[in-house]
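Coordinates in review
Next come the chains, spelled out residue by residue.
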Amino acid sequence: MGNRVAREDYEWVYTDQPHADRRKEILAKYPEIKSLMGPDTRLKWVVCMMVAVQFLAFYLVKDLDWKWVLFWTYGFGSCINHSMTLAIHEISHNAAFGNNKAMWNRYFAIFANLPIGLPYSASFKRYHLDHHRYLGGDGVDVDIPTEFEGWFFCTRLRKFIWIILQPLFYAIRPLCINPKPITRLEVTNVAVQLTFDVLLFWLLGAKPVVYMLAGSMLGMGLHPISGHFIAEHYMFLKGHETYSYYGSLNLLTFNVGYHNEHHDFPSIPGCRLPMVKKIAAEYYDDLPQYSSWVKVLYDFIMDDALSPYSRVKRKLRGEIKQE
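Since the structure is predicted, the reported quantities are computational estimates derived from the model, not experimental observations.

Side note on unusual backbone geometry
One non-glycine residue with positive phi stands out, namely N94, at about 60°. By the secondary structure assignment, N94 is in the loop between α3 (66-92) and α4 (102-113). Look at N94 and you get buried, because its relative accessible area is 10%. A positive phi angle, close to 55°, is found at F254, a residue other than glycine. Relative to the helices and strands, F254 resides in the loop between β2 (244-245) and α12 (259-264).

Below you can see the structure in the form of structure tokens.
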């Protein structure tokens, strides 16, 4: 468990990300894909149902023994809360109400944020668009681990700990890599979320609050679903910086596993990404792909050639426009 990984730096490249060129090529060959763009009319109802399920769970766990609170936190609450973060990911692309009602999407994301317990939806929107526009961009894409993460988490044991602590690093990374002025919407997000958390504690006690917050932290740490964090962009094969997963966990994650397709067509909601793959199969079938997020986590920890440094990074050229 003490073996050090071989990498001592990121994989620096001097080419543009592949997604824009592939999108142009696919649209030229299959213009009907444009019809898949636009909001997912079912998304808002699915999100409301998930929020209602968690609200019911808050009530049900308030009288349980602590051992059962922790059991249901990891076995159920963590899955729902991680799934909700990916619903917020969908909403950040205006998939709930469309581009013409952008603020409806922003406020709906704050509503979807409630059962997660930690206010992040407004900030996520700003940084996630940078991730798409400047994939791997030095000093801009906060999905890339920091120099400290790459340097310190360089053994199997430390990589295991790093995966457990992923929610912490995702929260701190923007402040280290690309801090931005706080917006009014972010203040609103924090105020609404803290008010909800306090009311939940006041009405139902500590157990639902622990169920909520611990579920979010565990679900985004050492958890089968969190394998998508590693699977999406960590360079398991040289020359490939985005990977797709086509397994059953896509049912819980709004098809975030269709990640090459998502970066090629970010304006197409997750529910329609399988149709993109079906239409343009020759562009995706031969790309590296995964069949198990659990195996991704295991391989990342045990392979001494992999570390937080295993990311493609590029120096950005020209004018940079951020949210």
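And the narrative resumes.
A few points about the packing of aromatic side chains
Aromatic rings considered in pairs are described by the distance between their centres and by the relative angle of their planes. A full pass over the atoms with the stated rule returns 26 aromatic pairs. Ring geometry for F97 against W104: centres 5.5 Å apart, planes inclined by 75°, an arrangement best described as edge-to-face. Considering the side-chain rings of W151 and F152, the 6.0 Å spacing of their centres and the 45° angle between planes classify their relative orientation as tilted. Taken together, the ring pairs connect F148, W151, F152, F153 and F169 into an aromatic cluster. The ring of Y170 has R173 lying over it, and the distance from NZ or CZ to the ring centre is 4.7 Å.

Looking at the UniProt feature "transmembrane region" (unreviewed entry) in the chain
Per the UniProt record, "transmembrane region" (unreviewed entry) is found at residues 43-61 and 107-124. Annotated as 100% helix and 0% strand, the span residues 43-61 places its first and last C-alpha atoms 27 Å apart.

Observations concerning the pattern of salt bridges
If you walk through the whole model with that rule in mind, you get 17 salt bridges. Close ionic contact of K315 with D138 constitutes a salt bridge, the shortest N to O distance being 2.9 Å. In this pair, K315 is assigned in the segment after β4 (312-314) and D138 in the loop between α5 (121-133) and α6 (147-152), connecting sequence segments 177 residues apart. As a salt-bridge pair, D299 and K295 come within 2.7 Å of each other at their nearest N and O atoms. Of this pair, D299 and K295 both sit in helix α15 (residues 293-302), 4 residues apart, which is roughly one turn of that helix.

Let's talk about the environment of L185
The topology assignment puts L185 in helix α9 (residues 184-204). It is 34 Å that separates the C-alpha atoms of L185 and W293, two residues lying 108 residues apart in sequence.

Here's the deal with the packing of α9 against helix α10 (residues 206-219)
Running from N to C, α9 and α10 cross one another at 140°; their axes reach a closest spacing of 7 Å. Here α9 is positioned oblique relative to α10, judged by the angle of their axes. Of the residues in α10, those in contact with F196, D197, L200, F201 and L204 of α9 are A206, P208, V209 and M212. Residue composition of the contact of α9 with α10, grouped by class: 8 nonpolar, no polar and 1 charged.

Remarks on the nonpolar core
In this structure, L43, V47, M84, I91, W162, I230 and F300 are the most contacted members of the largest nonpolar core, which totals 36 residues. If you list the elements that add at least two residues to this core, you get α2 (43-61), α3, α4, α7 (156-164), α11 (227-233) and α15. Once residues within four sequence positions are removed from consideration, L43 is found in contact with E90, I91, A95, A96 and F254. Counting 13 residues, the second largest nonpolar core, distinct from the first, contains L36, F265, V276 and Y283.

Focus on the side chain of N178
As for its placement among the helices and strands, N178 is situated in the loop between α8 (166-177) and α9. In terms of polar contacts, N178 uses its side chain to reach the backbone carbonyl oxygen of V140, at 3.5 Å.

Topic: a nonpolar patch on the surface
Among the surface-exposed residues, L157, F160, I161, I164, L165, L168, I172 and L222 lie close enough to one another that they form a single nonpolar patch of about 590 Å² accessible area. Every element with two or more residues in the nonpolar patch is listed here: α7 and α8. Element by element, the count of residues in the nonpolar patch is highest for α7, at 4 residues. Residue placement: L168 occurs in helix α8. For L168, a relative accessible area of 39% translates into the label partly exposed.

Cut-offs applied
Residues numbered from 1 in each chain as written. Predicted model: local features only at pLDDT ≥ 70, side-chain atom pairs only at ≥ 80, totals over all residues. Heavy atoms only, no water. Helix = DSSP H or I, 4+ residues; strand = E, 2+ residues; numbered from the N terminus. Buried < 20%, exposed > 50% of the residue type's maximum accessible area, 1.4 Å probe, protein only. Phe/Tyr/Trp six-rings, centres within 6.5 Å; stacked < 30°, edge-to-face > 60°. Lys NZ or Arg CZ within 6 Å of the ring centre and 35° of its normal. UniProt positions renumbered as here; feature names shortened; annotations may be inferred. Salt bridge = Lys/Arg side-chain N within 4 Å of Asp/Glu carboxyl O. Axes fitted to C-alpha atoms, helices over the stretch in contact; angles between N-to-C directions. Parallel < 35°, antiparallel > 145°, perpendicular 65-115°, else oblique. Contact = heavy atoms within 4.5 Å. Nonpolar A, V, L, I, M, F, W, Y, C, P; charged D, E, K, R; others polar. Core = buried A, V, L, I, M, F, W, Y, C linked by side-chain atoms within 4.5 Å. Polar contact = N/O pair within 3.5 Å; in protein donor to acceptor, adjacent residues only side chain to side chain. Patch = residues over 30% accessible without salt bridge, like charges linked within 9 Å, V, L, I, M, F, W, Y side chains within 5 Å. Areas by Shrake-Rupley, 256 points an atom, 1.4 Å probe, with all protein chains shown as cover.

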